[in-house]
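Observations on the model geometry
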Amino acid sequence: MLPVEIKKNVYWVGGIDWDLRNFHGYLTQRGSSYNAYLIRGEKNILIDSVKTPLYDQLISRIARIIDPRKIDFIIQNHVEMDHSGSLPRLVEMNPNIVIITSPNGEKGLRLHYKKDWNFRVVQNNETVEIGGRKFQFVHTPMVHWPDNMVTYSPDDRILFSNDAFGQHISSTERFDDELPIGIVYEEAKKYYANIVLPYGKQVQKILPVVDSLSLDLIAPSHGLIWRKNIGEIKRRYAKWAGNETERKAVIVYDTMWKSTEKIAYAIMQGFELNHIPVEMLNLQANHISDIMTSLIDAQYLCLGSPTLNNNILPTVSAFLTYLKGLAPPDRISLAFGSYGWGGQSIGIIEKEFENCKYELLPAIKVQYVPDQDRLDEITNDISRLIQK
Ligand code: FEO
């Protein structure tokens, strides 16, 4: 396995997870990579590692550059096991390795691995010189765990940003300008929507720090390294973290006998009459992690379920659970659905929207099957409600 030199004496030595399709509930259609970086010098420094099953990839790449037993320091930006899983074997190989991490990083690593390793804890904004190279450590708590930090190398003009600015992409290409940029942005957006979204306020605190750095590269711990489009990905992060939405609707639904689907399409026409873009997202055909990507910049969220056994369909319930966890704020919401006799689905969905503090449009409820007159009425009602 080959390393990639990304700057003089700085190498990508990570692992590529071509087969990954499920990252705790996030559909990773393009797989992923766990990016570890080796800095060769007076002291050899490894920045992050890879998850346990990819240890052999990591070692074989490092071995092309140095004897892996000669790693002196590991900078552990984040405790989560996709970046720390190889630590036990690395330390076993060289028990003198110094692990540089944040105070919460030390706590988390001790709780994960139950080992009394040689920790060097660094404070926020502390600069440490290692082997003639300076490193500045910036704590980024809750982006997206309490232990997260990023590492800046002023000599190399590289920010090792760990999960921030990452994308789940497996590829032999290493830089953002080596794949179609639309794919890279879409995967960065999906990553933000499914991993970083609940922590927008924390991201907003970090972005000015990133802006203040002289950068040639942002080297995240997943996917491609930002080289050509650093300004644009920072601009997009500012937009997502600021919850900037567009006049756009997502209509999410599941259906039993197509009545709820008919309502969904009638609602869609109401938006179309106002020239508002719409995405139709049937839960039978779309993964909830893709729906979150669509929702991140949409002002309107319409959610439909028929009533089944006095409740909502399980697919809709799963979506609501996922939505509540990621909690995009300030949406205009609409509950809709068909029913036979009880009609409880609307109330259940609206209650969840209220918990999210969303503005509610009047719900749409139809008994059994809507006729064309009722569908036209729904289209006209929606069109009127959303006119500005
Ligand atoms: Fe990629 Fe939070 O680990």
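Every value quoted in this text rests on a predicted model; they were computed, and no experiment measured them.

All right, on to the packing of aromatic side chains then. Each aromatic ring pair is described using two quantities: the centre-to-centre distance and the angle formed by the ring planes. Under the criterion given, the structure shown has 11 aromatic pairs. On the numbers, 4.4 Å between centres and 35 degrees between planes, the contact of Phe-165 with Tyr-237 is tilted. Here Phe-165, found in the loop between strand S15 (158–162) and helix H5 (181–196), pairs with Tyr-237, found in helix H7 (residues 230–241); they are 72 residues apart in sequence, far enough to count as distant. Residues Tyr-185 and Trp-226 carry aromatic rings whose centres are separated by 5.9 Å and whose planes lie at 20 degrees to one another, so their mutual orientation is stacked. You can see Tyr-185 sitting in helix H5 and its partner Trp-226 sitting in the loop between strand S16 (217–220) and H7, a full 41 residues away along the chain. Of the two residues, Tyr-185 and Trp-226, both sit in the buried class. Grouped by ring-pair contacts, the aromatic residues Phe-165, Tyr-192, Tyr-237 and Trp-240 constitute a single cluster. Above the ring of Trp-12, the side-chain terminus of Arg-174 is found at 3.9 Å from the ring centroid. We note Arg-227 situated over the ring of Phe-175; from NZ or CZ to the ring centre the distance is 3.8 Å.

The next subject is a nonpolar patch on the surface. Together, Trp-341, Tyr-368 and Val-369 give the surface a local cluster of nonpolar side chains, amounting to about 430 Å² of exposed area. By relative accessible area, which is 73% here, Trp-341 ends up exposed.

Turning our attention to the sheet that holds strand S14 (residues 149–153). Taking strand neighbours across the sheet as the criterion, the five strands line up as S12-S13-S14-S15-S16 in an open arrangement whose pairing is mixed. Each edge of the sheet is formed by a strand with only one pairing partner; in this case those strands are strand S12 (127–130) and S16. Adjacent strand axes in the sheet meet at a mean angle of 25 degrees when their direction is disregarded. Sheet analysis places S15 next to S16, joined by four bridges and oriented parallel. Counterpart to Leu-159 in the pairing with S16 is Ile-218.

Turning our attention to the sheet that holds strand S2 (residues 10–12). Overall, mixed pairing links the seven strands, which are arranged S1-S2-S7-S8-S9-S10-S11 in an open sheet. Strand pairing shows two members of the sheet lacking a second neighbour, strand S1 (4–7) and strand S11 (118–121), which therefore form its edges. Averaged over all pairs of adjacent strands, the angle between strand axes in this sheet comes to 25 degrees, irrespective of strand direction. Looking at chain direction, strand S10 (residues 98–101) and S11 are connected through four bridges and run parallel.

Spanning 13 residues, helix H10 (residues 314–326) covers 19 Å between terminal C-alpha atoms, matching the ideal 18 Å at 1.5 Å per step. Residues of H10 that are buried include every one of Val-316, Phe-319, Leu-320, Tyr-322, Leu-323 and Leu-326, and no others. Along H10, the residues classed as buried sweep out an arc of 165 degrees about the axis, all on the same side. Among the exposed residues of H10, those oriented more than 90 degrees off its buried face are Pro-314, Thr-321 and Gly-325.

Right, let's get into the domain arrangement of the protein chain. When cut into domains, the protein chain gives domain 1 (4–241) and domain 2 (246–387). The C-alpha centroid of domain 2 is placed 38 Å from the C-alpha centroid of domain 1. Of the residues lining the interface, 14 residues belong to domain 1; the matching set on domain 2 comes to 13 residues. Approximately 1200 Å² of surface area, both sides summed, lies buried where domain 1 meets domain 2, with 58% of it carried by carbon and sulfur atoms. Three residues stand out in domain 1 for area buried against domain 2, namely Lys-189, Asn-194 and Leu-197, and they jointly supply 39% of the buried area on that side. At the surface where domain 1 touches domain 2, the tally comes to three salt bridges. One salt bridge connects Lys-190 with Asp-290, and the closest N-O pair in it is separated by 2.7 Å. Counting every contact that joins domain 1 to domain 2 gives seven residue pairs in polar contact (both at pLDDT 80 or more).

Now for the pattern of salt bridges. If you walk through the whole model with that rule in mind, you get 23 salt bridges. For the salt bridge of Asp-297 with Lys-189, the shortest nitrogen-to-oxygen distance reads 3.0 Å. With Asp-297 in the loop between helix H9 (288–295) and strand S19 (298–304) and Lys-189 in helix H5, this pair connects stretches of sequence that are 108 residues apart. Grouping residues by exposure puts Asp-297 and Lys-189 together as buried.

Next up on the list: the packing of H9 against H10. Direction vectors running N to C along H9 and H10 enclose 50 degrees, while the axes themselves pass 10 Å from each other. Compared by their axis directions, H9 and H10 come out oblique. Read as a crossing pair, H9 and H10 show a hand that is right-handed. The segment H9 lies against H10, with Ile-288, Ser-289, Ile-291, Met-292 and Leu-295 engaging Ala-318, Phe-319, Tyr-322, Leu-323 and Leu-326. Of the residues in the contact of H9 with H10, the class split is nine nonpolar, one polar and no charged.

The rules behind these values
- Residues numbered from 1 in each chain as written.
- Predicted model: local features only at pLDDT ≥ 70, side-chain atom pairs only at ≥ 80, totals over all residues.
- Heavy atoms only, no water.
- Phe/Tyr/Trp six-rings, centres within 6.5 Å; stacked < 30°, edge-to-face > 60°.
- Helix = DSSP H or I, 4+ residues; strand = E, 2+ residues; numbered from the N terminus.
- Buried < 20%, exposed > 50% of the residue type's maximum accessible area, 1.4 Å probe, protein only.
- Lys NZ or Arg CZ within 6 Å of the ring centre and 35° of its normal.
- Patch = residues over 30% accessible without salt bridge, like charges linked within 9 Å, V, L, I, M, F, W, Y side chains within 5 Å.
- Areas by Shrake-Rupley, 256 points an atom, 1.4 Å probe, with all protein chains shown as cover.
- Salt bridge = Lys/Arg side-chain N within 4 Å of Asp/Glu carboxyl O.
- Pairing = 2+ DSSP bridges.
- Axes fitted to C-alpha atoms, helices over the stretch in contact; angles between N-to-C directions.
- Expected span 1.5 Å × (residues − 1).
- Arc of directions from axis to C-beta.
- Domains from an automatic or database assignment.
- Contact = heavy atoms within 4.5 Å.
- Buried area = accessible area lost by both parts, 1.4 Å probe.
- Polar contact = N/O pair within 3.5 Å; in protein donor to acceptor, adjacent residues only side chain to side chain.
- Parallel < 35°, antiparallel > 145°, perpendicular 65-115°, else oblique.
- Left-handed = near helix turned anticlockwise from the far one by under 90°.
- Nonpolar A, V, L, I, M, F, W, Y, C, P; charged D, E, K, R; others polar.

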